[in-house]
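Residue-level structural notes
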Amino acid sequence: MPLKEYSLPEEVWIHAFTFLSTRDKHSVRATCRYFREVLDKNVYLWKDFSVFLNDFSRYNRGFWRTLARRNVRTLVLREGKKKYLRPLPDALPSVTGVAVDYWSEPQPLDTLARFSKLTSLSFHNSQCPLDLCPLLQLLSLQVTRLSVCNVKLRSPTVQFISTVSKMRNLTQLLHHHDGTERIPLRAFHDLLSGLPRLQNLSWEMVAHRSLPDNFFSPPSVQQQLEGPRPLPLSSLELLNYDTLVTREALAPLAGLRRLSVLHLYSVPGPQCHLCTWLLALPRLTHLSVHGGHRLGAWADCLPQSVVGLTLCVDLTLDDLAVLGARLPQLQHLHLEPWGATGYVALVPELFPQLRTLKIRHHNVPESDFLGLALLDKLHHLEVLDWYCGHRRPAEGHNHIRPAGGHASTSPRLSNLIAQLRHLTNNRVHITPKRQQDPLLCQCLS
């Protein structure tokens, strides 16, 4: 279509495109040259754009020029070889985050150090041992986010931890391993001491059966004079947790704001260790619990400062009522109970202050789902089983994958969403489950 036939100014089209998902932008881009030029030259329309690269032999110069024009910030590299990495820093100079998944070549990945703006690194599910220490040494003062999950290391774990301990600008660290090699307490203390800016830590706990009272207290002169020093951590995630702990051991974490616990066993032991954590964290604002004891075993221990809660646990409707009495000011709730039914109907009465809610709609009666309109402060509803029974749009067929996108829903869910939007006068934004940050491990909540 000739340019003169477009009745709307370019600024109006740009504004309209901001409401489209990445997948829809690609569809619009393919319709005509004019839309392709508008989308390509306005970089901010692609601000949440992530690129998944695997079959490198198929990418031509036009492909790389398109990515460069969009100022791509996040790359996910899968099943590649080192030779494919060499041109990337020059072709994509704006990259700030790189995730390496299922890498199949044992050679060092030091080429990644040529990304001058790189601040986030992620390594997951390697098919062969990786030698990460040389790369991390080159980026020791540059990287602020590091994630290593299900990766075989060529160097001993203690050496790897020692290398990470020298990355003094790290603010976020995720380290999940298979638990076969236990990290000595001294190495863990060196890690905490060497990372003064660390705020978010995700740690594998499968090798720990009990925590000594000095687990979170690296030895120092100040500690000897004044007692345990508070850690700067604001967020802590514990993976495969079933560990005995005392309140004394948790004293340095008194300022913690976010806690996520993914329990090791779906059938818990006789003692609820989570109660000890909750009683020791008076400033906690967000809690995520997967597995472990039933909600009723620890609901009374919740600090009343909690405003955000994720529950993937066993619970009864009575447990939910106890929770509502304990946290009537709850603002954010992610609810995926095991086996319980009828809980959605109780949400508006128990948690009237909710602003965001994440639930599944399958087996929820229509009246219960539409009853969520009574939550007059709710502005975002995330339907976790949006694609249940319907094929989710395949992302593997495109070399440029979107960071999000919507698919057709079941007729029942489409009808429920339309009715709820009508009842709330379109106040509530209803979306599918949000996709994970590609730079983070999928087990993070």
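So, a few notes on the structure that sits alongside this text.

Basis of the calculations
Residues numbered from 1 in each chain as written. Predicted model: local features only at pLDDT ≥ 70, side-chain atom pairs only at ≥ 80, totals over all residues. Heavy atoms only, no water. Helix = DSSP H or I, 4+ residues; strand = E, 2+ residues; numbered from the N terminus. Buried < 20%, exposed > 50% of the residue type's maximum accessible area, 1.4 Å probe, protein only. Contact = heavy atoms within 4.5 Å. Areas by Shrake-Rupley, 256 points an atom, 1.4 Å probe, with all protein chains shown as cover. Polar contact = N/O pair within 3.5 Å; in protein donor to acceptor, adjacent residues only side chain to side chain. Pairing = 2+ DSSP bridges. Right-handed = clockwise from strand over helix to strand, strands pointing away.

**Things to note about the overall build of the protein**
A count of helical and extended segments in the protein gives 15 helices and 15 strands. Here the protein holds 445 residues, and 50% of them are scored as buried. At a minimum sequence separation of 6, the contacts of the protein that also span at least 24 residues come to 63%. Counting every atom, the protein has about 21,500 Å² of accessible surface; 50% of that belongs to carbon and sulfur.

**Observations concerning the side chain of Ser165**
With respect to the element layout, Ser165 can be found in the loop between α8 (157-164) and β6 (172-176). A polar contact of 2.7 Å, which involves the side chain of Ser165, links it to the backbone oxygen of Ile161. Those residues in contact with Ser165 that sit more than four places away from it in its chain are Asp190, Leu191, Gly194 and Leu195.

**Some thoughts on unusual backbone geometry**
The phi angle of most residues is negative, glycine excepted, and most peptide bonds adopt the trans form. A positive phi angle is found at Asn125, which is not glycine, with a value near 55°. Relative to the helices and strands, Asn125 is located in the loop between β4 (120-124) and α7 (133-138). The class of Asn125 is partly exposed, set by a relative accessible area of 22%. For Asn426, which is not glycine, the phi torsion reads 60° and is therefore positive. Positionally, Asn426 belongs in the loop between α15 (411-423) and β15 (429-432).

**So, helix α2 (residues 22-29)**
When we look at burial in α2, the residues that qualify are Thr22, Arg23, Lys25, Val28 and Arg29. Packing partners of the buried residues in α2 comprise α1 (10-17), α3 (33-41) and α4 (61-69).

**Some words on the pairing of β6**
For β6, the tally of buried residues reaches 5 of 5 residues, placing the bulk of the element in the interior. Residue alternation in β6 divides its side chains into two sets, Gln172, Leu174 and His176 and Leu173 and His175, and both sets are buried. Pairing analysis gives 5 bridges linking strand β5 (residues 145-149) to β6, with the strands arranged parallel. From the neighbouring strand, Ser147 faces β6, where its bridge partner is Leu174. In this fold, β5 hands off to α8, which returns the chain to β6; that crossover is right-handed. Relative to strand β7 (residues 200-204), β6 is paired through 4 bridges, and the arrangement is parallel. Bridge pairing links His175 to Trp203 in β7.

**Details of the side chain of Ser126**
Secondary-structure assignment places Ser126 in the loop between β4 and α7. With relative accessibility at 12%, the residue Ser126 sits in the buried group. With sequence-adjacent residues up to four places away left out, Ser126 is seen in contact with Tyr102, Trp103, Asn150, Val151 and Lys152.

**Some words on the environment of Glu10**
Position of Glu10 among the secondary structure elements: in helix α1. We classify Glu10 as partly exposed; its relative accessible area is 24%. C-alpha separation for the pair Glu10 and Phe35, spaced 25 residues apart in sequence, amounts to 9.4 Å. Engagement of the side chain of Glu10 in a polar contact is seen with the side chain of Lys41, the distance being 3.2 Å.

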